[in-house]
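Chain by chain, the residues run as shown.
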4 protein chains.
Amino acid sequence: MIIVLKPGSSEADIEDVSRRVRELGFKTHLSRGEVRTIIGIVGDDRAKEQLLALQSLDSVENVVRILQPFKLASREAHPDNTQFKVHGVPVGGDQIVVMAGPCSVESQPQLTAVAESVKAAGAHVLRGGAFKPRTSPYAFQGLEEEGLTLLRAASKSTGLPVVTEVMEPDKVEVVAEHADILQIGARNVQNFSLLKRVAECGKPVLLKRGMSTSIQEWLLSAEYVLAGGNPSYTLDLNAIPVVKKLSHLPIFVDPSHGTGHWEYVSAMAKAGLAAGADGLIIEVHNNPAEALSDGPQSLKPTKFAQLMAELRPLAQVLGRTL
Amino acid sequence: MIIVLKPGSSEADIEDVSRRVRELGFKTHLSRGEVRTIIGIVGDDRAKEQLLALQSLDSVENVVRILQPFKLASREAHPDNTQFKVHGVPVGGDQIVVMAGPCSVESQPQLTAVAESVKAAGAHVLRGGAFKPRTSPYAFQGLEEEGLTLLRAASKSTGLPVVTEVMEPDKVEVVAEHADILQIGARNVQNFSLLKRVAECGKPVLLKRGMSTSIQEWLLSAEYVLAGGNPSYTLDLNAIPVVKKLSHLPIFVDPSHGTGHWEYVSAMAKAGLAAGADGLIIEVHNNPAEALSDGPQSLKPTKFAQLMAELRPLAQVLGRTL
Amino acid sequence: MIIVLKPGSSEADIEDVSRRVRELGFKTHLSRGEVRTIIGIVGDDRAKEQLLALQSLDSVENVVRILQPFKLASREAHPDNTQFKVHGVPVGGDQIVVMAGPCSVESQPQLTAVAESVKAAGAHVLRGGAFKPRTSPYAFQGLEEEGLTLLRAASKSTGLPVVTEVMEPDKVEVVAEHADILQIGARNVQNFSLLKRVAECGKPVLLKRGMSTSIQEWLLSAEYVLAGGNPSYTLDLNAIPVVKKLSHLPIFVDPSHGTGHWEYVSAMAKAGLAAGADGLIIEVHNNPAEALSDGPQSLKPTKFAQLMAELRPLAQVLGRTL
Amino acid sequence: MIIVLKPGSSEADIEDVSRRVRELGFKTHLSRGEVRTIIGIVGDDRAKEQLLALQSLDSVENVVRILQPFKLASREAHPDNTQFKVHGVPVGGDQIVVMAGPCSVESQPQLTAVAESVKAAGAHVLRGGAFKPRTSPYAFQGLEEEGLTLLRAASKSTGLPVVTEVMEPDKVEVVAEHADILQIGARNVQNFSLLKRVAECGKPVLLKRGMSTSIQEWLLSAEYVLAGGNPSYTLDLNAIPVVKKLSHLPIFVDPSHGTGHWEYVSAMAKAGLAAGADGLIIEVHNNPAEALSDGPQSLKPTKFAQLMAELRPLAQVLGRTL
């Protein structure tokens with residue numbers, strides 16, 4: 001971090017700011033330009049948040065961050081890719097991992113039909129929502145605990161591990177009992193209470209990027225999970241090569257929510273692989289026109305099977321397996 | 001809601017879509033244009049979310065919403081302004097309500113100093129954070145329950161009611177015990193689990209608008225609180241005349257977070273009143289350069305007193321009182 | 001288009017609005033819901049802009065557009081893909097077209113070196129800026145007419161056709177003399193005077209999408225060019241499958257400007273092809289660290305050749321040629 | 001500007017980067033942190049754009065700008081407010097300047113009626129569009145030169161100076177002949193060819209902020225005009241106190257385009273004054289429901305007169321005159 005002083009700052013101003021920095025436990029390094037003096041700050045970056053308050057001093061023009069504020073999520077601290085297995089499915093290596101299933105778990109027959117079809121098409125993980133974040137209080141809110149039980153049953157009968165969303169801290173325990181991967185939805189990417197709780201649960205976490213969350217904010221949310229002691233960890237979406245450069249964590253793409261319409265899912269799934277994603281998460285429904293949520297963006301099972309057939313040679317050309 | 005069919009839809013397509021609409025309990029109204037057929041849908045709007053799934057049919061081009069999807073928050077359903085009192089402070093009437101205090105509660109001496117100074121300057125409600133949502137896990141996270149106790153004590157000694165943020169559902173009970181108004185932060189505006197819980201607590205709720213939340217999404221979040229049975233309710237910020245037209249709820253402006261810098265707080269506080277806000281929420285700190293959070297945007301007590309003195313004649317010219 | 005009346009509108013209100021619509025040359029179609037009356041409007045959509053003014057009537061709640069406002073650019077009016085040739089290079093068919101070259105033309109030796117290297121790597125079109133839109137008036141503004149002459153010479157010696165940006169209407173003639181494709185930059189996507197002029201020049205136009213331009217606004221800008229009588233036409237960038245569904249026009253991806261950093265260009269070029277783009281436009285420079293513009297996002301010739309080698313099998317898997 | 005080197009950079013790397021900086025005419029200042037070396041750059045900021053290309057070197061992590069890139073527009077270079085007169089109307093002083101009139105000039109009777117009514121209500125400048133930037137090529141494009149003639153006539157008969165938009169460089173001359181202030185629209189805020197031309201015309205320029213233009217980009221566009229030698233200059237809209245702190249230029253607010261709906265114009269005009277604007281620009285039409293453009297956001301003359309009556313005491317409370 002560096003502190004830029006206003007032009008015309010006196011020696012007393014410079015000394016006052018420097019003293020405050022030293023009192024917070026950092027060393028300073030002075031640099032006098034033609035017009036402005038700059039104070040460089042040396043020391044552990046994680047504690048530097050506190051220095052931002054110095055912006056309120058009359059003599060300070062700006063406090064500028066030089067380094068990324070996350071550590072555990074950074075590639076600098078952890079040069080190798082993170083790799084781990086979920087029920088035998090390798091995540092973060094050459095293998096492209098496909099998670100597929102309905103937006104909402106609606107009933108036992110619906111979930112069974114979809115789970116069997118995505119397994120037959122080659123998906124590796126079953127997705128399905130039991131707790132649903134809905135913009136309107138009048139929309140279907142999910143089957144809740146009953147949905148978790150149905151997911152666990154579908155997992156047993158197909159052998160596919162299960163990923164599902166958790167929305168509030170005091171549901172983390174029950175969701176972690178039934179699911180193999182916990183998803184944090186886009187609206188909760190900065191729900192820090194929830195992040196702290198899932199960090200402790202010991203299961204891998206799929207952390208969606210919020211609609212207006214910067215990549216830095218997103219990786220800081222990942223940092224919450226890593227700082228809580230949860231070692232295996234996954235991400236999804238968008239700015240893939242940037243995150244791959246900044247961080248060692250696996251990245252997933254969600255072409256269903258990314259586009260909002262099934263006709264675009266296939267193109268964006270391919271684009272995600274080509275951009276370097278480690279896996280996909282795709283909504284599949286046996287009867288989209290009557291889906292209780294996200295019908296317009298769900299693939300029918302036959303369309304999903306066709307997509308998988310098209311993704312395989314693509315993965316091969318990209319030096320990955322599927 | 002209306003359903004726009006693709007050009008060239010057959011009579012069978014039209015009948016198929018119409019039948020699906022009727023099976024969901026709505027009446028249809030057919031309108032044939034030169035190129036496209038449109039199906040109008042008559043019935044209770046709150047149940048119409050389900051119709052969006054029909055977009056996945058091959059014959060449907062688009063499903064277009066005609067009415068606002070919120071009811072209880074709408075001015076149409078409730079033409080008069082919502083007015084209520086918090087410990088004798090009238091909210092939503094001619095009286096401009098000013099909430100002021102530190103971003104974070106840091107210590108008993110800090111809170112007492114600030115509370116006494118904002119009371120002397122004419123503030124009506126004491127604000128202060130006990131649970132802090134911080135982007136970085138390495139930043140100060142708040143005094144938590146101890147902060148609540150300090151807020152309650154400062155409220156007793158000054159007579160000012162207290163507003164503070166609640167971040168997770170299972171803290172609603174303890175926060176509601178200590179605070180008079182519960183604040184939902186910008187990052188939690190779509191934390192639906194939290195909204196449902198505060199809806200039941202019986203205390204007024206100050207619901208911030210999320211950084212990328214549309215006005216419609218914001219009012220739908222308000223709808224969650226109102227639908228849960230919580231009758232007294234407040235909002236804050238930005239698109240004031242639009243929300244005033246769409247809804248009867250009081251609106252507050254937060255010039256501290258809206259600008260992020262104390263030098264701009266005064267201009268934006270005045271602009272908020274001029275735009276029609278019912279009140280303000282302002283961060284005040286006795287020593288901003290050492291504040292544990294939001295130092296750069298906090299006013300010193302003397303600056304706050306000066307702002308209040310400038311706001312009073314402004315309120316009068318606008319036909320309000322302060 | 002439909003007009004939604006306010007609840008409680010009288011018969012006289014309905015008749016007043018309907019009469020105004022009919023006076024503008026449209027037929028009306030009345031639909032009475034439980035709460036609101038809706039007036040559907042039948043007739044040529046291109047003239048309907050005028051109806052938006054009716055929103056200012058007291059009895060009108062909203063005027064809602066049902067159809068896309070562009071015609072010539074739409075796939076509905078022109079179901080087949082647009083295909084054409086530029087100096088023998090087929091655009092819009094199975095062939096992936098790669099345009100490559102420096103951001104700015106800086107000197108004859110620089111342009112020659114880059115042009116020969118991109119030709120050797122298999123590029124089809126030479127790109128290079130002679131007129132440069134720079135955010136700061138103190139940044140390099142391009143070689144202007146001299147740059148055009150250098151581009152034409154490089155085109156002659158390599159056989160590659162040339163694409164370059166035109167920034168103002170009275171330069172269209174001279175740019176069209178020297179270039180084979182005219183590029184409209186992102187900042188000029190709604191420079192309607194410029195669009196009208198290039199529409200008349202008879203050369204293909206590469207129209208970039210503005211940073212905050214919606215897809216609808218972008219296609220309306222394309223409509224300006226098509227309405228001016230220019231039949232061959234290209235686009236570039238982002239929301240590829242959506243535009244491919246809405247329009248028959250070829251789409252190009254610009255991974256250099258889309259990412260702003262050379263390390264991400266390769267991943268995004270691949271993603272663009274996988275998403276369905278008809279071609280790429282890529283910045284290549286023989287000495288990026290001394291480039292007068294866009295150094296950080298330019299590929300060195302060897303990196304570009306390596307990218308082309310990786311793109312060829314990818315194009316094949318996607319059923320395209322390169 | 002400072003250059004942040006990657007961790008592990010060798011002495012040779014540091015010397016290579018430093019040498020390149022010196023070759024561009026700057027002095028360097030080395031600062032070695034625990035993990036990273038930072039090279040500070042001393043010298044004229046306007047020439048530093050060129051240094052951004054160094055980001056493409058393997059040893060460079062980032063090039064960070066410390067100072068604002070604009071000079072002539074900055075308050076640092078010009079501490080006093082810019083003040084000037086347009087036909088006797090003082091701009092940039094205590095006087096609030098109100099510009100009002102129709103969006104488009106449609107006919108002589110329409111313009112005369114509106115011009116007389118806004119003059120009677122106390123407006124200082126007549127606004128009206130002769131050249132209209134319209135998203136759709138099928139919408140009304142303005143009366144063009146005929147509109148300029150009508151504006152000049154209305155100016156003569158009312159004594160009000162005239163502001164109107166210019167959209168392309170080769171129309172600057174004719175517009176400057178008929179108008180007293182030239183407006184650059186939001187879509188042209190980065191049309192640099194146009195900015196250079198209006199900079200030379202010697203008339204004051206009203207430069208709108210583009211929809212997605214940052215404050216820095218906006219002030220750089222102002223810099224284009226100032227660098228071209230045009231000394232009197234005005235701006236409009238949004239982030240008023242920020243721009244007032246960064247720059248000495250007068251700022252106007254456009255509540256008509258800022259809100260898009262006449263019902264919100266009054267609230268936002270008041271908010272603009274309260275935030276510190278130097279003037280307002282407001283659309284007024286004698287028959288909004290039949291306006292050829294922007295009907296929904298135009299005030300009727302009686303509503304405009306009422307707004308002026310409400311603004312006068314507000315200006316007084318704010319220490320300004322109107």
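A brief structural summary. (Residues numbered from 1 in each chain as written. Chains lettered and ligands numbered in written order. Predicted model: local features only at pLDDT ≥ 70, side-chain atom pairs only at ≥ 80, totals over all residues. Heavy atoms only, no water.)

## Focus: the relation of the copies chain A and chain C
With an RMSD of 0.0 Å, the fit of chain A onto chain C corresponds to turning through 180° and sliding 0.0 Å along the axis. Taken together, the rotation and translation relating the two chain copies correspond to the operation of a two-fold axis. Considering only C-alpha atoms, the residue of chain A closest to the rotation axis is Ala271(A), which sits at 2.0 Å. Mapped onto chain C, 100% of the interface residues of chain A again fall at the interface, so both copies present the same surface. (Least-squares fit on C-alpha atoms with pLDDT ≥ 70 in both. Contact = heavy atoms within 4.5 Å.)

## Quick notes on the packing of helix α2 (residues 108–121) of chain C against helix α10 (residues 301–317) of chain C
All names here are of chain C. The geometry of α2 relative to α10 is characterised by a closest axis approach of 9 Å and an angle of 20° between their N-to-C directions. Looking at the two axes, α2 sits roughly parallel to α10. Considering the relative orientation of α2 and α10, their crossing is right-handed. Here α2 contributes Ser117, Val118 and Ala121 to the contact with α10, which in turn contributes Pro301, Phe304, Ala305, Met308 and Arg312. Of the residues in the contact of α2 with α10, the class split is six nonpolar, one polar and one charged. (Axes fitted to C-alpha atoms, helices over the stretch in contact; angles between N-to-C directions. Helix = DSSP H or I, 4+ residues; strand = E, 2+ residues; numbered from the N terminus. Parallel < 35°, antiparallel > 145°, perpendicular 65-115°, else oblique. Left-handed = near helix turned anticlockwise from the far one by under 90°. Nonpolar A, V, L, I, M, F, W, Y, C, P; charged D, E, K, R; others polar.)

## Observations concerning the pairing of strand β14 (residues 279–283) of chain A
Residues and elements named next belong to chain A. Among the five residues of β14, five are classified as buried, and the element is accordingly described as predominantly covered. Burial of the side chains of β14 extends over both faces: Gly279, Ile281 and Glu283 are buried on one face and Leu280 and Ile282 on the other. Across five bridges, strand β7 (residues 97–101) lies against β14 in parallel orientation. Within β14, the position partnered with Val97 by the bridge is Gly279. Here two bridges tie strand β13 (residues 251–253) to β14, and the two strands are oriented parallel to one another. Among the inter-strand pairings, Phe252 is bridged to a residue of β14, identified as Gly279. (Buried < 20%, exposed > 50% of the residue type's maximum accessible area, 1.4 Å probe, protein only. Pairing = 2+ DSSP bridges.)

## Thoughts on the interface of chain A and chain B
The partner chain B presents 49 residues to the 49 residues of chain A that form the contact. Around 4200 Å² of area is buried between chain A and chain B when both sides are counted, 52% of it from carbon and sulfur atoms. The three residues of chain A that bury the most area against chain B are Thr135(A), Tyr138(A) and Ala289(A), which together make up 15% of that side's buried surface. Counting the contacts that link chain A with chain B gives four salt bridges. The partner of Arg197(B) in a salt bridge is Glu168(A), and the shortest N-O contact between them spans 3.4 Å. Along the contact surface separating chain A from chain B lie eight residue pairs in polar contact (both at pLDDT 80 or more). Of all elements in the fold, only α5 (192–199) and α6 (215–227) of chain A reach the threshold of two or more residues within the side of chain A that touches chain B. Considering each element in turn, the side of chain A that touches chain B owes the most residues, five residues, to α6(A). In the side of chain A that touches chain B, the residues fall into 22 nonpolar, 13 polar and 14 charged. (Buried area = accessible area lost by both parts, 1.4 Å probe. Salt bridge = Lys/Arg side-chain N within 4 Å of Asp/Glu carboxyl O. Polar contact = N/O pair within 3.5 Å; in protein donor to acceptor, adjacent residues only side chain to side chain.)

## Points about the sheet that holds strand β2 (residues 27–32) of chain A
Residue and element names in this part refer to chain A. Strands sit in the order β2-β3-β1-β4 across an open sheet of four strands; the sheet is antiparallel. Of all strands in the sheet, those with a lone pairing partner are β2 and β4 (60–64), marking the two edges. Pairwise comparison of adjacent strand axes, ignoring direction, gives a mean angle of 20° for this sheet. The pairing of strand β1 (residues 2–5) with β4 spans four bridges and is antiparallel. Across the sheet, residue Leu5 finds its bridge partner in β4, namely Val60. On the sheet, helix α1 (residues 11–23) packs against β1, β2, β3 (37–42) and β4 and is oriented at approximately 155° with respect to β2.

## Here's the deal with the side chain of Ser298(C)
Positionally, Ser298(C) belongs in the loop between β14 (279–283) and α10. Non-local contacts of Ser298(C), meaning those with residues more than four positions away in its chain, are made with Trp262(C), Glu283(C), Val284(C), His285(C) and Pro288(C).

## Some thoughts on the nonpolar core
Formed by 265 residues in total, the largest nonpolar core has its most connected members in Phe304(A), Phe304(B), Phe304(C) and Phe304(D). Setting aside residues up to four positions removed in sequence, Phe304(A) forms contacts with Val98(A), Ala100(A), Val118(A), Ala121(A), Ala123(A), Ile282(A), Val284(A) and Leu299(A). (Core = buried A, V, L, I, M, F, W, Y, C linked by side-chain atoms within 4.5 Å.)

## Observations regarding unusual backbone geometry
Phi at His87(A) is positive, roughly 45°, even though this residue is not glycine. Among the secondary structure elements, His87(A) is positioned in the loop between β5 (84–86) and β6 (89–91). Judged by its relative accessible area of 64%, His87(A) is exposed. Located in the positive-phi region is Glu144(D), a residue other than glycine, with phi close to 55°. Structurally, Glu144(D) can be placed in the loop between β8 (125–127) and α3 (145–158). Residue Glu144(D) is classed as partly exposed on the basis of its relative accessible area of 33%.

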